Amino acid sequence: MNHIKFVVAGALALLGVLVIGGYFADPAPKATDEKSAAAGGTLRIGVDGTEPAFYKVDGVTKGFDYEMALGVAEGLGAKPEFVVMDFSDLFTALEAGEIDMIGAQVTETAERKQDFDFTAPYFVTYLSFLTPENSPIKKREDINGKNIAVVEGTIHERYLDEQYENVNVIKAKDEDSAVKAIETGEADAFFYDAPYTAPIISRAPIALKEAIVYPADDAPIGFVMQKGDERKATIDGVLEEMILDGKWLKIKKEYFKEYPLSEVFKDKGA
């Protein structure tokens, strides 16, 4: 199951790049501070076991969120323990104290911030349009006036209404149905989360391409923690260090080399 689609930019206009920048405005405590609330112990990270967040290749664990979480645990001086579960169970597990943190490409929204704390961003949401190989859609302006398929019940429909003009939304029950709408000519493109399009393209009955990929700079992705967890301040400092010393960019290039760099991380020295 795709994760970001249920949490992408719940209130994009309310967030803004300035909100993201605010995370780093005041230097957070470094992981080396003697008074760190998170030194030692085990950091239990809830993940949902899907590419590109957390997965295995020939028995070797990989993933963008996995490697970022390893860096956080190292900075805390804690032992990482990854707990794999369905995405829908992650927040319940966090509330129950079964895990300490969620690392599953969760986009911060105003709604979720009412119940949970988000760390400083370690990524931003990337959105994409899947089109047939011979499609005339090549840039974002080409979307206006087109029929665009979305998975029903996701946030993508609202985002299309907010960001584009004169778009006819075609609601599909799932990813394969959205592709079917393109195949039959009902839809010109399928609007989805960029990190999760590879398997859709590979199993599609028609030749598809990811015609447009762009970062939603006002839709930050962070680790999710319980409200008031004192470790958040230290983790924010660890993430800042990972960005400034180049570790973050190295991981980003390994998993998202083709994605344009968000202005959010350019501003942080990445």
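Residues numbered from 1 in each chain as written. Predicted model: local features only at pLDDT ≥ 70, side-chain atom pairs only at ≥ 80, totals over all residues. Heavy atoms only, no water.

J.: Let's hear about the packing of helix α2 (residues 64-76) against helix α9 (residues 247-256): which residues, and what values?
T.: For any two helices packed against each other, one specifies the crossing angle of their axes together with the interaxial distance. At a minimum axis distance of 10 Å, the contact between α2 and α9 shows a crossing angle of 165 degrees. By the angle class used here, α2 and α9 are roughly antiparallel. Viewed along their axes, α2 and α9 form a crossing whose handedness is right-handed. For the pair α2 and α9, contact is made by F64, E67 and M68 and by W248, I251, K252, E254, Y255 and F256, respectively. Among the residues forming the contact of α2 with α9, the class breakdown is six nonpolar, no polar and three charged. (Axes fitted to C-alpha atoms, helices over the stretch in contact; angles between N-to-C directions. Helix = DSSP H or I, 4+ residues; strand = E, 2+ residues; numbered from the N terminus. Parallel < 35°, antiparallel > 145°, perpendicular 65-115°, else oblique. Left-handed = near helix turned anticlockwise from the far one by under 90°. Contact = heavy atoms within 4.5 Å. Nonpolar A, V, L, I, M, F, W, Y, C, P; charged D, E, K, R; others polar.)

J.: I'd like to hear about the pattern of salt bridges, residue by residue, with values.
T.: What the rule picks out here adds up to twelve salt bridges. With a closest N to O distance of 3.4 Å, D100 and R231 form a salt bridge. Residue D100 is found in the loop between α3 (87-95) and β5 (101-102), and its partner R231 is found in helix α8 (residues 231-244); the two are separated by 131 residues along the sequence. Overall, R231 belongs to the buried group, its relative accessible area being 18%. For K139, the salt bridge identified is with D142, shortest N-O distance 3.2 Å. Looking at D142, the relative accessible area reads 17%, which means it is buried. Ionic contacts of the salt-bridge type, sharing partners, join the residues R44, D100, D229 and R231 into one network. (Salt bridge = Lys/Arg side-chain N within 4 Å of Asp/Glu carboxyl O. Buried < 20%, exposed > 50% of the residue type's maximum accessible area, 1.4 Å probe, protein only.)

J.: So what's going on with the environment of D65? Which residues, and what values?
T.: Its place among the elements puts D65 in helix α2. With a relative accessible area of 1%, D65 lands in the buried category. Along the backbone, D65 and A104 are 39 residues apart, and their C-alpha atoms lie at a distance of 6.4 Å. Residues in contact with D65, not counting those within four places in the same chain, are P52, A53, G103, A104, Q105, Y122 and F223. Of the polar contacts made by the side chain of D65, one reaches the side chain of Y122; its length is 2.3 Å. (Polar contact = N/O pair within 3.5 Å; in protein donor to acceptor, adjacent residues only side chain to side chain.)

J.: With reference to specific residues and values, describe α2.
T.: For α2, with 13 residues, the first-to-last C-alpha span of 19 Å sits near the 18 Å given by 1.5 Å per residue. Every buried residue belonging to α2 is among F64, D65, Y66, M68, A69, G71, V72, A73 and L76, and all of these are buried. Looking one or two residues past α2, G77 carries a phi angle of roughly 70 degrees, positive in sign. (Expected span 1.5 Å × (residues − 1).)

J.: Quick rundown of the side chain of D229? Include the residues and the values.
T.: Tracing the backbone through its elements, the reader meets D229 in the loop between β12 (224-226) and α8. At a separation of 2.8 Å, a polar atom in the side chain of D229 contacts the side chain of R231. Other than its neighbours up to four places away in sequence, D229 contacts D100 and D117.

J.: Requested: an account of the confidence of the model for the chain, with residues and values cited.
T.: When the pLDDT values of the chain are averaged, the result is 86; 85% of them are 70 or greater. Contacts for the low-pLDDT stretch residues 1-21, under 50 throughout, to residues beyond four places or in other chains number 64 contacts. Below pLDDT 50 for its whole length, residues 25-38 participates in 23 contacts with residues either more than four positions away or in separate chains. (pLDDT = per-residue confidence, 0-100.)

J.: Tell me about the sheet that holds strand β7 (residues 123-132), and name the residues and values.
T.: If you trace the five strands from one edge of the open sheet to the other, you get β9-β8-β10-β7-β11, paired in mixed fashion. Strand pairing shows two members of the sheet lacking a second neighbour, β9 (168-172) and β11 (208-221), which therefore form its edges. The sheet shows a mean angle of 30 degrees between the axes of neighbouring strands, taken without regard to direction. (Pairing = 2+ DSSP bridges.)

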